[in-house]
Amino acid sequence: MTKRFSPHSGSMVARPLLPLGVLALVLIPLPWLLSSYAVSVLIFIGIYTIVVIGLSLLAGFAGQISLGHAAFYGIGAYTSGILATRLAVSPWIGLVAAGALSGLVAWAIGAVILQLRGHYLTIATLGFGIIVNIVMLEWVAITGGPSGFSKVPTFVLPGYELQSDRDYYYLVLAALFIAIITALNLVRSRVGRALRALHESEIGAETLGVNTTSFKLRVFVLSAVFAGCAGSLYAHYVGFVNPSPFGFKFSVELLMMAAIGGLASVWGALFGAALIVFLSETIREVLPLILADASGEQQIILFGLILIGVMIFMPDGVIGSLGNWLARRIQGRRLAESLAHESPAVTTVPSQPPQTRSSVLDSNE
Amino acid sequence: VWGVGQYLLRAKETVVDLITLLPQWLVTGITLGSIYALIALGFVTIYNVTGVINLAQGEFVMIGALATATLSRAAPLPLAAALAILLTAIVGAAIYQVTLRPARGASIVTLIIITIGVSIVLRGIALLIWGVDPYPLRAFSPGPPISLGVAVITRQALWVIATTGLAVLLLYLFFTKTMLGRGMRACALNARAARLMGVPLARMSMLAFALSAGVAAIGGIVLTPIQYASYDIGLILGLKGFVAAIMGGLSSLPGAIIGGLLLGMLESIGGGINSAYKEAVAFVILIAVLIARRLVRAPGADLSRGGL
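Bear in mind that the values here come from a model prediction, so they are computed numbers and not experimental data.

Turning our attention to the overall build of chain A. What chain A contains, in helices and strands, is 16 helices and 2 strands. If you sum the accessible surface of chain A, you get close to 16200 Å²; carbon and sulfur atoms cover 68% of it.

Set out below in structure tokens:
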């Protein structure tokens, strides 16, 4: 009997190695081919992707959305930046401290809130994010208030200071690969399977002995660690820190990147972050040609429309929906082949599409 | 001894200050709290009927306020306000039809993200129509503030409180005395049973959005003479209305009203003590409420409850 195709079957680590290798081959030569501006755009995509991977894991595998990840990102940026500028701590230690502090804060919130069934984490992170942003603005003695602080030093390797965009590109690329490999291993681990079960049915997972609260908490903390480390990379790259990039708006943008790429998809996170950054860069250049008095704010209409459209028609995100479509195609072909070769008994092979939502979509069109 | 005496004296002065200021803070708090209550009522209505947490709720406040400001240049204020409320209600119904109805059956996470998208689009459209400038609206009945002995209250604040009271009364009558209102309550209690009894669920959901949008618009209109309206007021007002709804348990209409008034007063007191962190008060309360609910394990609203 033909084995049913499942996108998640296969060995633990072997499968992602190929796409990772291809990605590395494509990304490594890029800074030698592109302008410094393009490289800086890619650096931002890399930094955002690290945060979005965390959000994506949280949404896809724990069924929770966070509206406060800009705050974890900001905590990372401020921690690392303040340690380096005030106390002359090495940025590498700052990077670790940034991840650790973000994770610790997430643990403190999650340990209490995640025991409530439902979407209270969304609400709590929303409130938390706004409080953190206000503290950044008002706690002038530590944060420097609305203008923040500058002269954040760069990362230093033994005998070499990372200064150019190209240096930072490789640093962010390395961090991104660590994040992707961590995430893929989590997805394929026993914990990952438990989390998927959790997403399908929380009660079902609990009945089978999965400690749902503990898993959700771990993923939430991991996503905050990712965000904190990304914030540290950001602070040392741009060289200054102020409250404005860490507000509610950026939390929404991060969520948008995760949702458009596809919640639960590590590759979707990369796609979503790249799409939103490319779009906002393009719109920033094109929009003033169409609307004379256009400010950057108007681009958000387009983002909103894209977000609504993707959520209605591709609730698994662009990458997720393409993956489902491919899986269905392959499954359909295998089924057809097996029907041609074997006895009619094979028709009992489950042939429903992996996502029930797709059928709703079909009936709408 | 001298130092301790000084300290006690200063502490006493502070307390006296607080006590004399408290009535004024409470009056201000009730005024703002009325607006929060109106927004919270909309949250609860939509949540009860459809199961959706509508994070675009604050944008209805903004649309109502800005539409009134524009219309009142050509029409008398009552007519402008009525048209603005109607317009906002239509926008609310249209949003349900265009964005949430096609996605019905999707997970709650998806629906919440859709409402975020809606709020972004509405804010962007408002920016295109009205620009970044704040719009004023003159007070409904101009005149000096009225003294209550321990505190003063502006005439517009009285309008806010009276309008909120009237809106709540009308909503109460609607939900208890009319067939439509009873149908909506039936959906909230048990959607499947309601459908079996012939209540059209989709139409009730659309009505819930229209009603919530209209009520939020009322809040925006009475608020504008107190603080100017601009395209970006919706976000923070909506979030505070949401906090009020959570304080009231998210599925209770009386709870939403009490939550709104309480939030307004706590915020006013908090802002009076430390104005820098005034905006944070609501969100600190939010997290405190969630932690309290976890500790007490009250059988309050379950946000994961399905719907539609």
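Broken down by element type, chain B carries 11 helices and 2 strands. The helix and strand sequence of chain B, counted from the amino end, reads α-α-α-α-β-β-α-α-α-α-α-α-α. Radius of gyration (C-alpha) of chain B: 21 Å, near the 19 Å computed for a compact globule of 308 residues. Taking the principal axes of its C-alpha atoms as reference, chain B extends roughly 75 × 55 × 35 Å. Relative to its 308 residues, chain B shows a buried fraction of 52%. At a minimum sequence separation of 6, the contacts of chain B that also span at least 24 residues come to 75%. Summing over all exposed atoms, chain B offers an accessible surface of approximately 13600 Å²; the carbon and sulfur share of this is 70%.

A separate point is the nonpolar core. Judged by nonpolar contacts, the single largest core of 201 residues is most densely connected at Ile 47, Ile 53, Leu 57 and Tyr 73 of chain A together with Ile 113 and Phe 283 of chain B. Sort the elements by how many residues they give to this core and helix α3 (residues 36–62) of chain A lands first, with 17 residues. Not counting the four nearest positions on each side in its chain, Ile 47 of chain A is found in contact with Tyr 73, Val 172, Ala 230, Leu 233 and Tyr 234 of chain A.

Let's shift gears to the packing of helix α4 (residues 69–86) of chain A against helix α5 (residues 91–113) of chain A. Residue and element names in this part refer to chain A. For the pair α4 and α5, interaxial distance at closest approach is 8 Å and the crossing angle is 140 degrees. On the basis of the axis angle, α4 is oblique to α5. The way α4 lies across α5 gives a crossing that is right-handed. Where α4 abuts α5, its residues Phe 72, Ile 75, Gly 76, Thr 79, Ser 80 and Leu 83 lie against Pro 91, Gly 94, Leu 95, Ala 97, Ala 98, Leu 101, Ser 102, Val 105, Ala 106 and Ile 109.

Residue and element names in this part refer to chain A. Model confidence for chain A is summarised by a mean pLDDT of 78, while 79% of its residues fall at 70 or above. Low pLDDT, under 50, characterises residues 1–14; the predicted model gives this stretch 21 contacts beyond four residues in sequence or across chains. In this model, residues 343–365 is a region of pLDDT below 50 whose contacts with residues beyond four sequence positions or in other chains number 25 contacts.

Before going further, it helps to spend a moment on a nonpolar patch on the surface. Residues and elements named next belong to chain B. On the surface, a nonpolar cluster with roughly 440 Å² of combined accessible area is contributed by Leu 71, Leu 79, Leu 83, Leu 86 and Ile 90. In terms of residue count, helix α3 (residues 77–100) provides more of the nonpolar patch than any other element does, 4 residues in total. With respect to the helices, strands and loops of the structure, Leu 86 is situated in helix α3.

Quick look at the interface of chain A and chain B now. Accessible area lost on assembly of the parts is the figure often given for the size of an interface. Each partner contributes residues to the interface: chain A has 43 residues there, and chain B has 44 residues. Between chain A and chain B lies a buried interface of about 3900 Å² when both sides are counted; carbon and sulfur atoms form 81% of it. Interface area lost by chain A to chain B is led by His 119, Tyr 120 and Ile 123 of chain A, which between them contribute 16%. Where chain A touches chain B, the interface holds 0 salt bridges. Counting across the interface, chain A meets chain B through 0 residue pairs in polar contact (both at pLDDT 80 or more). Elements with a contribution of two residues or more to the side of chain A that touches chain B: α5, α6 (120–138), α12 (248–261), α14 (299–313) and α16 (357–364) of chain A. For the side of chain A that touches chain B, the element with the highest residue contribution is α6 of chain A, accounting for 11 residues. Per-class residue counts for the side of chain A that touches chain B are 30 nonpolar, 9 polar and 4 charged.

Criteria and cut-off values
- Residues numbered from 1 in each chain as written.
- Chains lettered and ligands numbered in written order.
- Predicted model: local features only at pLDDT ≥ 70, side-chain atom pairs only at ≥ 80, totals over all residues.
- Heavy atoms only, no water.
- Helix = DSSP H or I, 4+ residues; strand = E, 2+ residues; numbered from the N terminus.
- Areas by Shrake-Rupley, 256 points an atom, 1.4 Å probe, with all protein chains shown as cover.
- Rg over C-alpha atoms; globule rule 2.2 N^0.38 Å.
- Buried < 20%, exposed > 50% of the residue type's maximum accessible area, 1.4 Å probe, protein only.
- Contact = heavy atoms within 4.5 Å.
- Core = buried A, V, L, I, M, F, W, Y, C linked by side-chain atoms within 4.5 Å.
- Axes fitted to C-alpha atoms, helices over the stretch in contact; angles between N-to-C directions.
- Parallel < 35°, antiparallel > 145°, perpendicular 65-115°, else oblique.
- Left-handed = near helix turned anticlockwise from the far one by under 90°.
- pLDDT = per-residue confidence, 0-100.
- Patch = residues over 30% accessible without salt bridge, like charges linked within 9 Å, V, L, I, M, F, W, Y side chains within 5 Å.
- Salt bridge = Lys/Arg side-chain N within 4 Å of Asp/Glu carboxyl O.
- Buried area = accessible area lost by both parts, 1.4 Å probe.
- Polar contact = N/O pair within 3.5 Å; in protein donor to acceptor, adjacent residues only side chain to side chain.
- Nonpolar A, V, L, I, M, F, W, Y, C, P; charged D, E, K, R; others polar.

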